[in-house]
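A structural walkthrough
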Amino acid sequence: MEVELQLFTNRYQRFRPDQGAPVRTTVGKPRFQLPYDVAGFARLLAPTYGMLRMQEGPYRHIYLERLEAAGVDLISEQLAEIADAAGNDRLVLLCFCDLNVPPPDNWCHRRMFAAWWEDQTGNEVSELDRRRETPAATLF
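The model shown is predicted, which means the values in this text are computed figures rather than measured ones.

Rules and cut-offs
- Residues numbered from 1 in each chain as written.
- Predicted model: local features only at pLDDT ≥ 70, side-chain atom pairs only at ≥ 80, totals over all residues.
- Heavy atoms only, no water.
- Helix = DSSP H or I, 4+ residues; strand = E, 2+ residues; numbered from the N terminus.
- Contact = heavy atoms within 4.5 Å.
- Axes fitted to C-alpha atoms, helices over the stretch in contact; angles between N-to-C directions.
- Parallel < 35°, antiparallel > 145°, perpendicular 65-115°, else oblique.
- Left-handed = near helix turned anticlockwise from the far one by under 90°.
- Nonpolar A, V, L, I, M, F, W, Y, C, P; charged D, E, K, R; others polar.
- Buried < 20%, exposed > 50% of the residue type's maximum accessible area, 1.4 Å probe, protein only.
- Pairing = 2+ DSSP bridges.
- Expected span 1.5 Å × (residues − 1).
- pLDDT = per-residue confidence, 0-100.

Before going further, it helps to spend a moment on the side chain of Thr 25. By secondary structure assignment, the location of Thr 25 is in the loop between β2 (21-24) and β3 (40-41). Once residues lying within four places of it in the same chain are set aside, the contact partners of Thr 25 are Tyr 12, Ala 42, Leu 45, Ala 46, Pro 47, Leu 93, Leu 94, Cys 95 and His 109.

Here it is in structure tokens:
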């Protein structure tokens, strides 16, 4: 039986358990205490330590190359495994970035992934950090 996943993004600090199963997409774990347990680590979505100090252009190029190399099928498998272990088909992909800050500092790999995923699959990955929640498309 195929799992039907719903994907969202948010920051660690704004996640609420009623949003779904929290999934780490960061190379490092939060150094602050989380009021919830993380359901899993989407290693294929995490940047490398070396990417963390890059400007947006080079970062985007390398990150998208990494997503392409992994591919939709492998990423889908990893997310489905996390959802299965969590017992929740609604995954919230988390990182540290605050997208409510003004440009040029309001970019993030979680939204790069969301745009890439939508382009590859046609399935929307909505951001929950912006104080609104919209239905997500499903992942097969």
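This brings us to the packing of helix α1 (residues 56-86) against helix α2 (residues 109-121). Between α1 and α2, the shortest axis-to-axis distance is 10 Å and the interhelical angle comes to 50°. Comparing their axes, α2 and α1 come out oblique. As α1 runs across α2, the sense of the crossing is right-handed. Between α1 and α2, the contacting residues are Glu 56, Tyr 59, Arg 60, Tyr 63, Leu 64, Leu 67, Glu 68, Gly 71, Val 72, Ile 75 and Ser 76 on the first element and His 109, Met 112, Phe 113, Trp 116, Trp 117, Gln 120 and Thr 121 on the second. Taken together, the residues of the contact of α1 with α2 break down into ten nonpolar, five polar and three charged.

Burial runs high along strand β1 (residues 5-11): six of the seven residues are buried. Looking at chain direction, β1 and strand β4 (residues 90-95) are connected through six bridges and run parallel. Looking at β4, one finds that Asn 10 is bridged to Leu 94. Pairing geometry for β1 and strand β5 (residues 126-127), over two bridges, is parallel. Looking across to β5, one finds that Thr 9 is bridged to Glu 127.

What follows is about α1. Taking 1.5 Å per residue, 31 residues should reach 45 Å; α1 reaches only 33 Å between its end C-alpha atoms and comes up short. Buried residues of α1: Tyr 59, Tyr 63, Leu 67, Ala 70, Gly 71, Ile 75, Ser 76, Gln 78, Leu 79, Ile 82 and Ala 83, and no others. One or two residues past the end of α1 sits Gly 87, with phi positive at roughly 70°.

This part covers the confidence of the model for the protein chain. Segments scoring low in pLDDT should not have their predicted coordinates read at a detailed level. Taken over all residues, the pLDDT of the protein chain has a mean of 90, while the share at 70 or more is 90%. Low pLDDT, under 50, characterises residues 132-140; the stretch is placed with 33 contacts to residues that sit more than four places away or in other chains.

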